[in-house]
Amino acid sequence: MTKDIRATRIRRPRQIGRLMRANLYDFQLLIRESWLVLLGFVVLAGITSTYLAFFYPETPDSPRPQGLPEALYETLTLMTLQSDKAFPRNDLLGELIFFLTPLLGLALIFQSVLNFGRLLLDKGSRREAWQVALASTYRDHIIVCGLGRVGLRIVTQLHTAGYETVVIERDWNSEFVPRVLNLGTPVVLGDAREATVLQQAGIMRARAVVVAINDDLLNVEIALNARNVRPNVRVVLRVFNEELDRNLERALGPNSAFSVSAIAAPTCAAAAVSRDIDYALTIGKTQMGIARVVVERESQLCGFVRAIEEDMHVRILYQISQEGRRMTYGALSQLSAGDRITLIGTLDRLEGVRQRNVPLSKVAFLKPERPVRPTERYHAVIVCGLGKIGFRVVNQLYNLSPRPRIVVVRLGNDRPEFVQQIKQLDGIVDVIGDARSLEVLCRAGLDEAYSVAALTSDDLQNLQIALTARRYRPDVHIVLRTFSDALADRLAEILGIHTTYSTSALASPTIAAAALTGNICQAFFLDGQMFAIEETYLAAEHPFTDASVEHLRERYGTITLALQREERSILLPVPDVRLKAGDQATLLAPIEVLQQVRERRR
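Residues numbered from 1 in each chain as written. Predicted model: local features only at pLDDT ≥ 70, side-chain atom pairs only at ≥ 80, totals over all residues. Heavy atoms only, no water.

### Comments concerning the packing of aromatic side chains
Put simply, the test is: Between 30 and 60 degrees the pair is tilted, below 30 it is stacked and above 60 it is edge-to-face, where a pair is any two Phe, Tyr or Trp rings, Trp via its six-membered ring, whose centres lie within 6.5 Å. Helix and strand definitions follow DSSP, with helices as H or I runs of at least four residues and strands as E runs of at least two, each counted in order from the N terminus. For each residue, the accessible area found with a 1.4 Å probe, counting protein chains only, is set against the maximum for its type, and the residue is called buried under 20%, exposed over 50%, and partly exposed in between.
For the coordinates displayed, the defined rule picks out nine aromatic pairs. Ring centres of Tyr-56 and Phe-98 lie 6.1 Å apart, and the angle between their planes is 15°; this geometry places the pair in the stacked category. Residue Tyr-56 is located in the loop between α1 (3-55) and α2 (68-79), and its partner Phe-98 is located in helix α3 (residues 92-121); the two are separated by 42 residues in the primary sequence. Like Phe-98, Tyr-56 is buried. Considering the side-chain rings of Phe-391 and Phe-418, the 4.4 Å spacing of their centres and the 10° angle between planes classify their relative orientation as stacked.

### Overview of a nonpolar patch on the surface
Where we set the bar: Note that patches include only residues with greater than 30% relative accessible area and no salt bridge, and the join distances are 9 Å for like charges and 5 Å for nonpolar side chains (Val, Leu, Ile, Met, Phe, Trp, Tyr). Using a 1.4 Å probe, accessible areas were evaluated by the Shrake-Rupley method; residue-level cover was limited to the displayed protein chains. Definition used for salt bridges: Asp or Glu carboxyl oxygen within 4 Å of a side-chain nitrogen of Lys or Arg.
Taken together, the side chains of Phe-87, Leu-92, Leu-96, Phe-99, Leu-100, Leu-103 and Leu-104 present a nonpolar region at the surface, about 720 Å² in accessible area. Secondary-structure assignment places Leu-92 in helix α3. Under the relative-accessibility criterion, Leu-92 is labelled exposed at 62%.

### So, the pattern of salt bridges
Scanning the model with the defined rule gives 19 salt bridges in all. Here Arg-306 ties to Glu-550 by a salt bridge, and the two come within 3.7 Å at their closest N and O atoms. Of this pair, Arg-306 sits in helix α11 (residues 305-312) while Glu-550 is found in helix α20 (residues 549-556), placing the two residues 244 residues apart along the sequence.

### Here we look at the confidence of the model for the protein chain
Heads up, the condition is: Confidence scores per residue from the predictor, reported as pLDDT, run from 0 to 100. Contacts are residue-level and defined by heavy atoms, with any inter-residue pair within 4.5 Å sufficient.
Chain-level statistics for the protein chain give a pLDDT mean of 84 and a share of 87% at 70 or above. When the criterion is pLDDT under 50, residues 1-13 qualifies, and its contacts beyond four places in sequence or with other chains add up to two contacts.

### Considerations on the environment of Val-393
The topology assignment puts Val-393 in helix α14 (residues 388-398). Here Val-393 falls in the buried class, since its relative accessible area comes to 1%. Separated by 10 residues in the primary sequence, Val-393 and Val-383 have C-alpha atoms spaced 8.1 Å apart. Residues within four places of Val-393 in sequence aside, it is in contact with Ala-265, Cys-268, Ala-269 and Leu-455.

### Looking at the pairing of strand β15 (residues 429-432)
Inclusion rule: DSSP-based pairing: two strands are paired if at least 2 bridges between them are found. Seen with the strands pointing away from the viewer, any crossover whose path from the first strand over the helix to the second strand runs clockwise is right-handed.
Here strand β14 (residues 405-410) pairs with β15 via four bridges, running parallel. The partner of Val-409 across the bridge, within β15, is Val-431. Handedness of the β14-helix α15 (residues 416-423)-β15 crossover: right-handed.

### Considerations on the sheet that holds strand β18 (residues 500-501)
Two strands in a sheet stick together by hydrogen bonds in their backbones, pointing the same way (parallel) or opposite ways (antiparallel). Taken together, six strands build an open sheet; the order of strands is β15-β14-β13-β16-β17-β18 and the sheet is parallel. In the strand order of this sheet, the two ends are held by β15 and β18, each with one partner. Two elements, strand β17 (residues 477-481) and β18, share two bridges in a ladder whose sense is parallel. By the bridge assignment, Arg-481 is partnered in β18 with Tyr-501.

Now the structure itself:
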């Protein structure tokens, strides 16, 4: 039996139980809303049934009902004008009942009781209330406030990783609401600044609250309100302002406020000076990349994993054999032709791996491929767009060593603070114009450009910039910002643009991981699994103290990216190094492993 089939069979009873609890909650909610009308119906039915059973003046043609059940049946027929009972003459009480019961009964049955039953059974007519009922069944879930691009990515990635979410969204007509509902995730309609809405989403039972709206002030307001409703709830929010970020983390805890553009910018900057980078991570002052490679036949990547890693100064994070099996790391693990591997290392080391991944290079002593990076001839990076992500990428490129020639192309209506800050950076060329124009790109130095990074907030505009650059320079490297995964796949297939990124997709794993575990520096998704980076101080009682780097990797699937020991910083320490009390370790592991370690520490 496969894992997916087992998971499906396990989830099915759980989903049935959830639906039963949701229906019970919904029934109670409808009872509270309609109690007065239902009480009126019960009182009317009770009075009429009692009269018919005990006080009705029977005749040979119209006998008195035998017992309350038959009297109740006659009451219902009287309400629907189908009773064959004789009218009780000379009985004032009976005359009033026979007149009022059909009139009130019809109103209560057709306008209230039947409507109650319809609402109870037809959930589509009251979707908002049904979503609240579903949310009431969730425990230990993540509440995501705001269903924009970032919020959608967080929900879908958590769903893929097997974690449950409840969404709060003000606009039921948002284009992303149907996509989330199709995942089976409840969407509570309302303003997350209101305590009632947070309670409907289950904040008292939730693991964390994520605030992902594109408005710093609104996010802060929601975060503070969530803490007011439940003081100990973990809150993770999206902000752009760096000073606000630092102040919030002092109030809400470390790594609780994140800038989407700050998380995404290193990857876009790394892609602009190299190729085929999936993610870029900042470890201390060093930028490391994550890249996927298919091992070529008889290349220098074939052989024992440990020897290859030490020779090339990288680590293999993930290995899929040519047959499609996930390979676990061991001291005798090997790489073979056709294996798909995911590597982590510095950008120049990853480039070195690609150079040596040449067919037959292991036996024929072929020269390695030429490095793919800016050269003396093609030395410029053209950044198109000076929005939040463009501004961050320019700063990332400026801090690289060696630094490429940086050219910014912008329309001229950019945020003044961004323009002022880039003008303070030495050597930045500022070009005003529409980057979709070939004349503007040539003025920016397209002839000498290694790469063009189209980073505006408009997918279509970015695509037009890329096509314009490629028509003039088919060999120019393109870095493209887009939101649509389908568009990214098509661009890779048709135009060979493999460095296409969604800033929300790059940033959402970090925000999601911080919500799940707390105090996570960075995170990313790989083949449906969430990996996270944690910087931890190793006290004497820490489970990893005195363990070797090799042991952590074999036992826990944890890669030690860096060690800060006294005054020394060790990047990718060798397998035999042992972690000591007092070390500051930067660890990379599946999010579940980090959660288990923290539970052991508690």
